[in-house]
Every structure is written in C-alpha cells, then in structure tokens.
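Commentary on secondary and tertiary structure
Now for the letters of each chain:
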Amino acid sequence: MNKRLIWRKSVNAVMLTLTGVFTALTVSVLFLILGCLVYNGAAALDWNFFTKLPLSPGELGGGMANAIVGSFEIVGIAALIGLPIGFVAGIYLSEFDDRYFASLVRFVADLLNGIPSIVVGLLAWSLLVVSMKGFSAIAGSVALSVMLIPIVTRQTEQFLREVPQSLREGALALGASKWKTIVTVVVPAGSKGIMTGMILGIARISGESAPLLFTSLNNQFWGGGITQPTASLPVMIYTHAISAFDDWHRQAWAAGLVLIALVLVANISARYVLARGISVPRG
Amino acid sequence: MSTVAAAPASTIGKRTQTGDVIARWVAFAFAASILLLAVLLVYQLWAGSAGARHKFGWGFLTSSKWNPVTQEFGALPFLYGTVVTSFLALLISTPLGLGAAIFLAELAPARLSSALTFLIELLAAIPSVIYGVLAIFTLVPLMRTTIEPFLKGYFGYLPLFKGVVFGLDYLTASLVLSVMTIPFVISVSRESLLAVPREQREAALALGATRWESTWQVVVPYAKLGILGSVFLSLARALGETMAVTMVIGNDPSIHASLLAPGYTIAAIIANEFTEATGAVYTGSLVELGLVLFCLTIVINAMARLMIVATTGKGSKRA
C-alpha cells in the first residue's frame, strides 16, 4: 500500500470511530442525568413529599402535594383546551384542504411550535392575567394549551396522511359522506399515531415552567380553584433550586425525580402505543 | 320509475352534502384559530410594549442601561448574552451532533440506530428546569473548582478567560445549552442524511472512496441544507431557552468580554423580573424584550423550516 492510501484509510478509521464516540457521549449524557437524578432524588424522596404542603424556609420536612395536584390541574385544563383544537385543525390540514390556506396554517403552526415558551407566557399574561387582575391557574393552562395546539395539529395531520388513500376511497364508494368517512374510517385508522402525538405533546407541556412563572405563579398552600395562583411542579423545582436552603434543595431533587419519571413514562408509553400494532403502515 | 328513484337519491345527496359543508367549516374554524393565535401573539407583544417603544424608540436596542429605579432600560446586555451563549452552545453541539447523526444514519445497524435515536429523543424530552437543577448542583461547582481555574491558568492571558471565577457565567450557560440543543441537531441532521439517495453513496464507493470520504464529500454536501436547517432550528431553541439558562447565567445586566463573567439573557430577565415589574415603562420594556426575542426566533425558525423542506421534503410539508 502506498502512503496516500494508508493515510486515507487511517482518516477513515479515525473519523468513523469519532462519530461513534460522539454518539456514545451524547447518549451517556442522558444516563448521567438520569443517574444523578435518581441518586440525589431517591435519597430525598419520602412519603411526606406526596402528602404534605411545603414548609417555610428553615423548617425541615414538608412536601409538594399542592404542586403535584396543581400540575395535574393546569396541564389537564390545558389538554382539554388544546387537544380538541389541535386535533380538528389537524383533520382540516390533512383532509379538507391542500392549497394555500393549509400551507399557511402548517407554516404558522411550525413557527408557533418554535416560539420560546417564555414568549407564550407573555401572551397568556396579557390576555388573562391583566384582564382578570391576578395570576391564575387558568392563565397557566391557556399558556400551555397555546404550546400544545401546534404540536397536536402537526402530529394529527402527519398520521392522518399516512392512512392509505384506498381506505378513504373505499368508504366513499360505499356511499359514506366525507365527514362520515373521516369519523368512522380515517381517524380510527390513524388513531394510534394521533394518541402518541397527544401523549408526547402533554409530556412536553407538563415539564414547562417558563410560561407558568407569571401566569399561574406559585402557591405555598392549596390553590383556591382555577382563578387563583396555583403551584406547579416545574415552578416549584425552580424556586426551590435557586433558594439558599439545603432542605429546599433536597425537595428540588425529589421533585425533579418525580417530574422526570412522569415525563419518561409518558414518552416510553407513547412509543409503546406506536410500536404495538400500528394501525397504519408507516411511510 | 325514474322520478321515484331520483327523489330519495337527491335528498340523500343533499343531506350528506350539508353534513360535509358543516364539517368543513368547523374544521376550517379550528385551523384558522391557529392563525388567530399567531396574530394575537404579535398584537399583544406590540401593544404590551407600547410604553417602552414610545419612550426609547430604536435606542432601546443599543442602550446598555438597565435601571428600574431611574426607569431607564436597554436591551443590549441581554441581546449580547443571548447571542453569545447560543453561538457558543452551537459551536459545541454542531460538530458533536453532526458526528452522531452521521453515525446513526450511515454506520449503525438499523436496530441499534433506532434504539439510540429513541434515547436521544428522550434527552430532548427532559424538561428545561431539570437541566437547570442538574447544572446548578453539579456542573456549576465543577466549573468553579476545576474547569474554569484550569482555563484561567492556561489561557488567562486571553480576554475571553479573565476575571474572578464564580461558575455562574456565559460559559456554563453555553455548556448547558449545548447539551440541550444536541438532540435537535442530531434528529434533523439524521433525517436529512437518510433522505440522501442510496446511489450517491454507491457511486462514491464504486469510485474507490473510503466510507468516510463518501460520507463527508458526497453525502454530507448533498444534505447540507438540511443540516444547516437543523443548526438554525437548534439556534432558535437556544436563543429562547429560559429556565436552565436563568439558573446558571449569573444574572448580571452588563456586558463582559470574558466568558467567565456573569451575564444575562433576554429570556432570563423576563423570567426573573416580570412578576416584580411595575409601571408601563418597566413592564413594557420586558414585553419589548419578548418581542425582540420573538422576532429573532421567528426569522431563524422560518429560515430553518425552509431549508429543511428543501432537503427532506418534510419540515413544513409533512411532520
């Protein structure tokens, strides 16, 4: 072998190895993060965390029961608002229009998807907090639903597009009207993918804290309904982590572990739903 | 005979037609609500920042004062911090992400590749505040005690590494951002690489190119627009990233040449000061910062989407 060839072969070997190393490095960051959370979080997690209210700084113990409930409340309402809107908008994009208006909506949905979450928080603040003269759970829910809508829209559209055209034609040929075709044939055929998209969307918004900082704010006590400031897990993690108290840091770790567990379970189960009997051949 | 048959047929036709028309309009209204949301967002940001826009004009963008007491506000330190941390983050995450994307798209067997891709997607699913918790409790002490004194010791003569070491600074924020943006670089780059036709690789290999040469000189250039798109997409994410950055940037509203000095970003100052802001000018200034951030990310995102559409035929066309 001449020198040139040896050189080329060694460059080949080195660079290909390097790409593998980079991949390993990236994936190891995930395990590092999870390991660190489990190590610190498991030590800090106890039954009180799920059943007690936060204590004032300096006191030992307490929990984040209100934040756990608050998170479910805020995210639940956000899902009630965001999922139907996103779902129907997705149906429109996939089934009703393929021209300028649909491309415009698609593009705007993608741009909305890329907007920093804190800016979405500003929108919900000026829409709801200003008019209602106070921070409220519902303002937080609206902020999160604004983030959820474009995600669900695009996912719904994507999976409906993967439904074979022949299914639609079959239903239409049997005399079904278009909306009947959509409701009884197209949507059921794409339902697994759409469910996956919805679960992933909810998982994504349930970890958001930036849009909640000045919409649902925070609360050391049980919230007083959807028009009152309400505690949420991500905001609680933030305030506890930047505080100066060791016991609050401990709580932040515990809350971090709980939050990541929820998010990972959602992600993995979404993947599972999709992998188990996908109703549509993926393109 | 024909009249008997025609009558029910036409009523059925009418009934299904009305149903379709209603369904169409309902769906249209929901789709249009997305456009409405976007318009509402722009309007609220514009109207909400009126107090600051009228008082400072374009000077807002070039002033580096930030003083709630004297009601003087300028965006420059935050713009600087946002741009510096994001660029530095991409400087780290682009080569790493592209390398990993090449591995996943070109080298790894399909099963390994899809398993690893799933793990990397999980990395993208980790909430920002959790990155912040890890950064503040593990990365910051490490930076303060080990990495930054090391940098200062060897490169301290450079203005980039001057000053007292706190651990809460541009460099730490950039590192956190780089980890957070890698999954985006990887997933979009990987898709663009996978969209390159097989013949391109085969032709290069048939001409005697090594695996790396075929990848680097044929496949990557073919997918370069999509890869660039992935970088822009990550840049937009980095610019708007809030929680993790807020927790490690140090929160100092001034401009420093040193990467080891504390700084501030647009998203961080909104997160920190919005609830305490009083008066039209103070609140308006924060909303205007939001508007600036919005414009930055919209432009970069739009460019990214167009590039990704051009290479993979996906992006805005499909998923």
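From a predicted model like this one, the values you see are computed outputs, not experimental measurements. (Residues numbered from 1 in each chain as written. Chains lettered and ligands numbered in written order. Predicted model: local features only at pLDDT ≥ 70, side-chain atom pairs only at ≥ 80, totals over all residues.)

Secondary structure assignment for chain A yields 10 helices and zero strands. Each helix and strand of chain A, ordered N terminal to C terminal, gives the series α-α-α-α-α-α-α-α-α-α. Computed over its C-alpha atoms, the radius of gyration of chain A comes to 24 Å, more than 25% above the 19 Å expected for a compact globule of 283 residues. In terms of overall dimensions, chain A has a C-alpha envelope of 70 × 70 × 35 Å along the principal axes. Buried positions account for 51% of the 283 residues belonging to chain A. In chain A, of all internal contacts separated by at least 6 residues, the share reaching a separation of at least 24 is 74%. (Helix = DSSP H or I, 4+ residues; strand = E, 2+ residues; numbered from the N terminus. Rg over C-alpha atoms; globule rule 2.2 N^0.38 Å. Buried ≥ 20, exposed ≤ 12 C-beta atoms within 10 Å, placed from the backbone. Contact = placed C-beta atoms within 7 Å.)

Turning our attention to the overall build of chain B. Along its length, chain B carries 13 helices and two strands. Here the C-alpha atoms of chain B give a radius of gyration of 26 Å, more than 25% beyond the 20 Å that 2.2 N^0.38 yields for 319 residues. Each principal axis of the C-alpha distribution contributes one length, and for chain B these read about 100 × 65 × 35 Å. For chain B, buried positions account for 50% of its 319 residues.

A few words on the domain arrangement of chain B. Domain parsing of chain B yields domain 1 (2-48) and domain 2 (58-312). Between the C-alpha centres of domain 1 of chain B and domain 2 of chain B the distance comes to 41 Å. (Domains from an automatic or database assignment.)

Taking 1.5 Å per residue as the helical rise, helix α5 (residues 110-125) of chain B with its 16 residues ought to reach 22 Å, and the 22 Å between its terminal C-alpha atoms agrees with that figure. Of the residues making up α5 of chain B, those classed as buried are Leu116, Thr117, Ile120, Leu122, Leu123 and Ala125 of chain B. (Expected span 1.5 Å × (residues − 1).)

Looking now at the interface of chain B and chain A. Facing the 73 residues of chain B at the interface are 76 residues of chain A. Looking at which element gives the most residues to the side of chain B that touches chain A, the answer is helix α1 (residues 2-48) of chain B, with 20 residues.

Residue and element names in this part refer to chain B. You can see Met307 is positioned in helix α13 (residues 280-312). Look at Met307 and you get buried, because 23 C-beta atoms sit within 10 Å. Taking the C-alpha atoms as reference points, Met307 and Ile227, 80 residues apart in sequence, are found 8.5 Å from one another. Residues contacting Met307, with those up to four places away along its chain left out, are Leu225, Gly226, Leu228, Gly229 and Phe232.

In this section: the environment of Arg204 of chain A. Locating Arg204 of chain A in the fold gives a position in helix α8 (residues 178-206). Assessed through the 20 C-beta atoms surrounding it within 10 Å, Arg204 of chain A is described here as buried. Taking the C-alpha atoms as reference points, Arg204 of chain A and Ala266 of chain A, 62 residues apart in sequence, are found 9.4 Å from one another. Ignoring anything within four residues of it in the chain, the contact list for Arg204 of chain A reads Ile151 of chain A together with Ala125 of chain B.

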